[in-house]
Amino acid sequence: MKRVIPPVKGTRDFYPEQMALRTWLYGMMRQVSESFGYQEYEAPILESLELYAAKSGEELVKEQAYVFTDRGGDAITLRPELTPSLARMVAQRQKELVFPLRWWSFGPFWRYERPQKGRTREFFQWNVDMIGVNSPEADAEIVAVLVSFFRQVGLRPEQVLVMVNNRRLMDARFDAFEIPPTMRPAVSTWIDRREKMEPKEWLAYGREIGLSERQLGQIGEMLEDRELWRRSEELIRFFAATQAMGIGDYVRFEPSIVRGLLYYTGTVIEAWEVGGEIKRAILGGGRYDNLLADVGGEPLPGVGFAMGDVVITLILEKYGLLPQNLNVYPARILVTVFDQDHLLESFKLADELRSAGLKVACYPEAAKLPRQFRYADRMGMQAVLVLGPDEMANGTVTVKDLRQGAQVQVARREAAAFLKEMLARRA
RNA sequence: GUGCCCAUAGUUCAAUCGGCGGAACGUCUGACUGUGGAUCAGAAGGAUGUGGGUUCGAGCCCCACUGGGCACCCCA
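Treat the numbers as computed from the prediction; the structure is a model and nothing was measured.

Reading guide: rules and limits
Residues numbered from 1 in each chain as written. Chains lettered and ligands numbered in written order. Predicted model: local features only at pLDDT ≥ 70, side-chain atom pairs only at ≥ 80, totals over all residues. Heavy atoms only, no water. Helix = DSSP H or I, 4+ residues; strand = E, 2+ residues; numbered from the N terminus. Rg over C-alpha atoms; globule rule 2.2 N^0.38 Å. Buried < 20%, exposed > 50% of the residue type's maximum accessible area, 1.4 Å probe, protein only. Contact = heavy atoms within 4.5 Å. Lys, Arg positive; Asp, Glu negative; His and termini not counted. Charge placed at Lys NZ, Arg CZ, Asp CG, Glu CD. Domains from an automatic or database assignment. Expected span 1.5 Å × (residues − 1). Arc of directions from axis to C-beta. Axes fitted to C-alpha atoms, helices over the stretch in contact; angles between N-to-C directions. Parallel < 35°, antiparallel > 145°, perpendicular 65-115°, else oblique. Left-handed = near helix turned anticlockwise from the far one by under 90°. Nonpolar A, V, L, I, M, F, W, Y, C, P; charged D, E, K, R; others polar. Near = heavy atom within 4 Å. Polar contact = N/O pair within 3.5 Å; in protein donor to acceptor, adjacent residues only side chain to side chain.

**What about the overall build of chain A?**
Scanning chain A from N- to C-terminus turns up 16 helices and 16 strands. A compact globule built from 427 residues should have a C-alpha radius of gyration of about 22 Å, whereas chain A, at 28 Å, is more than 25% larger. Per-residue burial for chain A yields a buried fraction of 49% across its 427 residues. Sequence separation of 24 or more characterises 69% of the internal contacts of chain A that already satisfy a separation of 6 or more. Here chain A contributes 56 positively and 58 negatively charged side chains, and the mean placements of these two sets differ by 4 Å.

**Remarks on the domain arrangement of chain A**
In terms of domain boundaries, chain A breaks down into domain 1 (16-318) and domain 2 (333-426). Of note, the centres of domain 1 and domain 2, computed from C-alpha atoms alone, are 53 Å apart.

**Some points on helix α5 (residues 136-153)**
In a regular helix each residue adds 1.5 Å, so 18 residues correspond to 26 Å; α5 covers 26 Å between its end C-alpha atoms and thus fits that length. Among the 18 residues in α5, 14 count as buried, and that is most of the element. The positive-phi residue at the C-terminal boundary of α5 is Gly 154, with phi of around 95°.

**Here's the deal with helix α7 (residues 184-192)**
Of all the residues in α7, the buried ones are Arg 184, Val 187, Ser 188, Trp 190 and Ile 191. All buried residues of α7 project into a common sector of 160° when viewed along the axis, lining one side.

**Looking at the packing of helix α6 (residues 167-176) against α7**
A pair of packed helices can be characterised by two numbers: the angle between their axes and the separation between those axes. The geometry of α6 relative to α7 is characterised by a closest axis approach of 12 Å and an angle of 110° between their N-to-C directions. Our classification of the angle between α6 and α7 gives roughly perpendicular. Regarding α6 and α7, the two cross each other, and that crossing is right-handed. Residue-level contacts link Met 170, Asp 171, Phe 174 and Asp 175 of α6 to Arg 184, Val 187 and Ile 191 of α7. Within the contact of α6 with α7, the residues separate by chemical class into four nonpolar, no polar and three charged.

**A word on the protein's contact with RNA strand B**
Looking at RNA strand B, there are 44 residues lining it, with Arg 111, Arg 193, Asp 390, Leu 402 and Gln 407 nearest. For RNA strand B, the fraction of protein-proximal atoms (within 4 Å) that sit in sugar or phosphate groups is 50%. In the environment of RNA strand B, a base nitrogen lies 3.1 Å from a nitrogen or oxygen atom belonging to the side chain of Lys 400. One of the side-chain N or O atoms of Gln 407 is found 2.5 Å from a base nitrogen in RNA strand B. Going through the elements one at a time, α3 (58-64), β6 (122-131), β10 (283-287), β11 (302-308), α14 (369-378), α15 (389-394) and β15 (396-401) are the ones with two or more residues in the surface near RNA strand B. Looking at the surface near RNA strand B element by element, the count peaks at seven residues for α14.

This is the structure we're talking about:
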């Protein structure tokens, strides 16, 4: 065979089977989002580099974003995340939008990375955000939306958990430990690294970034403190709200959650698989109270999260929660073409059935009947219709039920009703 | 961007020490001239990812590239 041009590295082809799965996921997200009153929106795939330059984090913009110069000489980015676009869209219509604003979206994103398990270069992401309120209860609602999704797809708290921390709480502790603001990004990275390193190594790394022995001890102790959240008024209210909303069993305080994005200001969240087999965050999010002002709007607080399709699919697969019988073949009925002389009459019959509201495929040429029946079988059809000389002579069509193997002749004008009843019986 | 592993028919995989590339499934044809699946018979299908090197001889050994997998980095 000649060489087929391969797909771009890190992209995935969605054949009908995969597309059905993506559509299913999308449907779950829509159902959950709308149940909380969120409105769907979409932003452009292309954004100016400037939009991300300020706040998305060095690594994300400088090393992972797809950036190119367009024919007009502008620096354009394939969006690596949605939140800056959302901030821009809200800032543009800030005076006329109704707040608090609840919006959700599902679409493609790009990051230039080495593809591996749970990570591709092109991926789809579900974004849910509430803008215009800065209460901890709003943070809790955002978490309730994603927990509602977990429940909807059948994930239990023994399988996935939402880890919660708060940047202001951490800043207060860093103040108390006399860690200067300039050191904090490095300290955050260091904290994030703890689970992955040997304790000795980790401490050595801490000294390397300039922490004193006293500070090392204080931070180590802080990370063990499961009650630390009681020092944060915001987290006290947050956890009270999650209890009230009945999602407490999915939510844990976790002081080592820091998140890489620079624009988070308060509560931050990440969801992880409990078994620890899939070592990748299922989703991430948090409160960003300065982002609107940063893209040129009036100050307005926001909170939200993003979940990628790749990791959640791995999780669902691991726990056997992917749907099994997705509808890959829409039509359940095939109209065969008896021979060249009956071709147009078959097309006409198919049209009559569609007008009656049925999903019908017609074989597109005169071929041997066995071939047409085999086609119907492989396309998962339930009924095959034959319109030959006998049927034409007495105004009938022959309907064969592929599941049962039996066939009958019915009056052509009653065919649609007959088929509807047959399909309903099977459903 | 760094490291390790992998690449043979449409698919999943064989091929002994470096010695004429095979099987299963799938596909196509027929058994069946107005009927799918099951069964049986037959057929087609490959410059062994690309480019170089070693050798009398390379699917097999060496190098580079491309793609894939895994880990790091980072993150959805």
